Amino acid sequence: MDFGVVFILLGAALAAALPGIGSAKGTGLVGQAAAGVVAEDPAKFGKVLILEVLPGTQGLYGFLTAILLLSNTGIMSGTAPEYTWWQGLCYFAACIPMILVGLWSALAQAKAAAAGVSLVAKNPEQSGKAIIFAAMVETYAVLALLVSLLTIMNIGKLF
């Protein structure tokens, strides 16, 4: 059995699944807070919608990581060479930043965005600040994405 491919597939699956779970949970949490605000004042919909969308980006980053991994290793096109367990493990390790940071940053960003929804409910003019608070968490998801992508793209040079 080609255990290298197993590790690669596991890395791709977890890179897509865990940040996706974090994003789903995060957008749901912020959506609940936003629904309460919009029920009181429908005019605030646009301001709270931006805050709800923010925790969803980690799921997209995880999906991008998985697609790049499967494409870069030839698995997506069906032209994958045989990978040793060590090579597969290296590709799996390349996904770990996105797997872990994607999950946790989506949940942390949801908390910041939900707090931002409360800020917008009380003072709509402060929506820009609320978005900035939530977007600060995004920085770490973007850094994790870059580390995972750069590592995936350069592992082939090691073998």
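Higher on the page you've got the structure.
Keep in mind that what you see is a predicted model, and the values were worked out from it rather than measured.

Conventions adopted
- Residues numbered from 1 in each chain as written.
- Predicted model: local features only at pLDDT ≥ 70, side-chain atom pairs only at ≥ 80, totals over all residues.
- Heavy atoms only, no water.
- Core = buried A, V, L, I, M, F, W, Y, C linked by side-chain atoms within 4.5 Å.
- Buried < 20%, exposed > 50% of the residue type's maximum accessible area, 1.4 Å probe, protein only.
- Helix = DSSP H or I, 4+ residues; strand = E, 2+ residues; numbered from the N terminus.
- Contact = heavy atoms within 4.5 Å.
- Phe/Tyr/Trp six-rings, centres within 6.5 Å; stacked < 30°, edge-to-face > 60°.
- Axes fitted to C-alpha atoms, helices over the stretch in contact; angles between N-to-C directions.
- Parallel < 35°, antiparallel > 145°, perpendicular 65-115°, else oblique.
- Nonpolar A, V, L, I, M, F, W, Y, C, P; charged D, E, K, R; others polar.
- Patch = residues over 30% accessible without salt bridge, like charges linked within 9 Å, V, L, I, M, F, W, Y side chains within 5 Å.
- Areas by Shrake-Rupley, 256 points an atom, 1.4 Å probe, with all protein chains shown as cover.
- Salt bridge = Lys/Arg side-chain N within 4 Å of Asp/Glu carboxyl O.

A separate point is the nonpolar core. In this structure, L69, Y91, C95 and I152 are the most contacted members of the largest nonpolar core, which totals 15 residues. Residue assignment for this core shows that the elements contributing at least two residues are α1 (3-40), α3 (57-72), α4 (85-122) and α5 (127-155). The element contributing the most residues to this core is α4, with five residues. Aside from chain neighbours lying at most four places away, what touches L69 is I8, G11, A12, Y91, C95 and I152. Of all hydrophobic cores here, the second largest spans 13 residues; its members include V30, V37, A113 and V117.

For the structure shown, the criterion picks out two aromatic pairs. A centroid spacing of 5.9 Å and a plane angle of 80° characterise the contact between Y83 and Y91, whose relative ring orientation is edge-to-face. Summarising the burial analysis for this pair, Y83 and Y91 share the class buried. Here the aromatic rings of W85 and W86 are separated by 5.9 Å at their centres, their planes lie at 75°, and the arrangement is edge-to-face.

What follows deals with the packing of α1 against helix α2 (residues 45-53). Their axes nearest at 8 Å, the elements α1 and α2 cross at an angle of 170°. Put simply, α1 runs roughly antiparallel to α2. Where α1 abuts α2, its residues T27, V30, G31, A34, V37 and V38 lie against F45, V48, L51, E52 and V53. Considered class by class, the residues forming the contact of α1 with α2 number eight nonpolar, two polar and one charged.

Glancing now at a nonpolar patch on the surface. A cluster of nonpolar side chains, contributed by F3, V6, W85, W86, L158 and F159, occupies part of the molecular surface with about 690 Å² of accessible area. Secondary structure elements with two or more residues in the nonpolar patch: α1 and α4. Note that L158 resides in the segment after α5.

Where α3 contacts α4, the two axes come as close as 9 Å, and the packing angle between them is 170°. Between α3 and α4, the angle falls in the class roughly antiparallel. Of the residues in α4, those in contact with T57, Q58, Y61, G62, T65 and L69 of α3 are Y91, C95, M98, G102, S105, A106 and Q109. Class assignment for the residues of the contact of α3 with α4 results in six nonpolar, seven polar and no charged.

This paragraph deals with the side chain of Q87. Structurally, Q87 is set in helix α4. When neighbours within four sequence positions are excluded, Q87 is seen to be in contact with E82 and F159.

The next subject is the side chain of S105. Relative to the helices and strands, S105 is located in helix α4. Of the residues examined, S105 reaches a relative accessible area of 6% and is grouped as buried. Other than its neighbours up to four places away in sequence, S105 contacts Q58, V137 and A141.

These values are about where atoms sit, not about what they do.
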